Amino acid sequence: MSLEERAKATAKNLEGKAQEAAGNVTGDPKDKAEGKAKQAESQVRHAAEDVKDHVKEKLD
């Protein structure tokens, strides 16, 4: 498990939530969409780290 990668993914998720919220406040659909995309990217990064952890457990 890479703690650094998980931290980056969490930061990306928070950034996405903030951008989506800003888009909701301003009514900017582009900001909302970009915020949701960043959150989705964060989920993918977390899933990749989960896979790495699982593989490492199996190899040990």
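Please read all numbers here as calculations on a predicted model, not as lab measurements.

Rules of the game
Residues numbered from 1 in each chain as written. Predicted model: local features only at pLDDT ≥ 70, side-chain atom pairs only at ≥ 80, totals over all residues. Heavy atoms only, no water. Helix = DSSP H or I, 4+ residues; strand = E, 2+ residues; numbered from the N terminus. Expected span 1.5 Å × (residues − 1). Buried < 20%, exposed > 50% of the residue type's maximum accessible area, 1.4 Å probe, protein only. Contact = heavy atoms within 4.5 Å. Polar contact = N/O pair within 3.5 Å; in protein donor to acceptor, adjacent residues only side chain to side chain. UniProt positions renumbered as here; feature names shortened; annotations may be inferred. Salt bridge = Lys/Arg side-chain N within 4 Å of Asp/Glu carboxyl O.

### Re helix α2 (residues 29-59)
Next, step 1: Here α2 is 31 residues long and its end C-alpha atoms lie 45 Å apart, about the 45 Å a rise of 1.5 Å per residue gives.
Next, step 2: Three or more residues of α2 are buried, namely G35, K38, Q39, S42, E49 and D53.
Next, step 3: Looking at the buried side of α2, the elements it contacts are α1 (3-26).
Next, step 4: The opening residue of α2, the one whose side-chain oxygen lies 3.0 Å from the backbone nitrogen of K30, is D28.

### Structural notes on the UniProt feature "domain: CsbD-like" (unreviewed entry) in the protein chain
Next, step 1: Under the UniProt annotation, "domain: CsbD-like" (unreviewed entry) lies at residues 5-57.
Next, step 2: For residues 5-57, the helix share is 96%, the strand share is 0%, and the end-to-end C-alpha distance is 18 Å.

### Observations concerning the pattern of salt bridges
Next, step 1: With the rule as written, the count across this model stands at 8 salt bridges.
Next, step 2: One salt-bridge network, held together by shared partners, links E4, E5 and K8.

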